[in-house]
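# Secondary and tertiary structure notes
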Amino acid sequence: ADKVKVEKFSIFFDVVLKKKKLGRFHANLLGSHHIENILPGIYLAHHFGIPIRLIKKGVQKISPWKKTMEPFKSMTGSILIDDTFNASMGATLAAINYMKIYPGKKILVLQPFIELGGNASIDHRKVGERIGGSCDFLFLTNINYYHEILDGIHNSTNKCEVLVAQVDDIVAFVESNTTISDVVVF
């Protein structure tokens, strides 16, 4: 993939195969991380002789699975992203990276990860660094790994306010503190 352009509700990218440009592709997905999953399909379709125009149409029809970077618009005009299907390190880092395209407040609602084994503390610090470098607010749904995440945020270059809150408090905050230029990822 070359010349990747991420927009709020879609991605655009050129595909180059064996030094030959196959064309510009468009998918209605949120975040450049999806490209790595689309490329093998494009390669196989091309390999089996499917015309490029049909491959492009197929890519354009791809939509997110429920609760995987699924966008919604709030009553205040802010964008709410439901990414609750599978909270993993990779998915969270991809969501944080995607949030950077929004000019307004970046709010992440996160349940700290489970089942990370012996690296859980280190991994939560790393995620904290990325959160601190990108987000304005972090809402944690419980106190698991709170200190590790906070340590990571303090190692970053950005100020990010961290709050442990219940669902009702998070909803109230989002309803009263977001505008059209803001994004909230759950």
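Coordinates for the structure precede this section.
Residues numbered from 1 in each chain as written. Predicted model: local features only at pLDDT ≥ 70, side-chain atom pairs only at ≥ 80, totals over all residues. Heavy atoms only, no water.

## Observations concerning the pairing of strand S8 (residues 161–164)
As judged from the four bridges shared by strand S7 (residues 137–140) and S8, these two strands associate in the parallel manner. In the strand pairing of S8, Leu138 is matched with Val162. (Pairing = 2+ DSSP bridges. Helix = DSSP H or I, 4+ residues; strand = E, 2+ residues; numbered from the N terminus.)

## Re the side chain of Asp14
On the secondary structure map, Asp14 appears in strand S2 (residues 11–17). In this structure Asp14 comes out as buried when scored by relative accessible area, which is 4%. Polar contacts involving the side chain of Asp14 include one to the side chain of Lys21, which spans 3.4 Å. Discounting chain neighbours no more than four positions away, the residues touching Asp14 are Ala1, Asp2, Lys3, Lys21, Gly23 and Arg24. (Buried < 20%, exposed > 50% of the residue type's maximum accessible area, 1.4 Å probe, protein only. Polar contact = N/O pair within 3.5 Å; in protein donor to acceptor, adjacent residues only side chain to side chain. Contact = heavy atoms within 4.5 Å.)

## Comments concerning the packing of helix H3 (residues 89–99) against helix H4 (residues 120–134)
How two helices pack is summed up by the angle between their axes together with the distance between the axes. For the pair H3 and H4, interaxial distance at closest approach is 10 Å and the crossing angle is 10 degrees. For the element pair H3 / H4, the angle class is roughly parallel. Note on element contacts: H4 touches H3 through Asp123, Val127, Arg130, Ile131 and Ser134, opposite Met89, Thr92, Leu93, Ile96 and Asn97. (Axes fitted to C-alpha atoms, helices over the stretch in contact; angles between N-to-C directions. Parallel < 35°, antiparallel > 145°, perpendicular 65-115°, else oblique.)

## A closer look at the packing of helix H1 (residues 35–47) against helix H2 (residues 52–60)
Running from N to C, H1 and H2 cross one another at 155 degrees; their axes reach a closest spacing of 10 Å. The angle between H1 and H2 places the two elements in the roughly antiparallel class. Both H1 and H2 take part in a crossing whose hand is right-handed. Here Ile38, Ile42, Ala45 and His46 of H1 lie close against H2, whose contacting residues are Ile52, Ile55 and Val59. Across the contact of H1 with H2, the residue classes tally to six nonpolar, one polar and no charged. (Left-handed = near helix turned anticlockwise from the far one by under 90°. Nonpolar A, V, L, I, M, F, W, Y, C, P; charged D, E, K, R; others polar.)

## A closer look at unusual backbone geometry
A positive phi is found at Lys67, a non-glycine position, where the angle reads about 65 degrees. With respect to the element layout, Lys67 can be found in the loop between H2 and strand S4 (70–73).

## Considering the pattern of salt bridges
According to the stated counting rule, one finds six salt bridges in the structure shown. Across the salt bridge formed by Glu70 and Lys66, the nearest N and O atoms sit 3.6 Å from each other. When salt bridges that share partners are traced, they join Asp14, Lys21 and Arg24 into one network. (Salt bridge = Lys/Arg side-chain N within 4 Å of Asp/Glu carboxyl O.)

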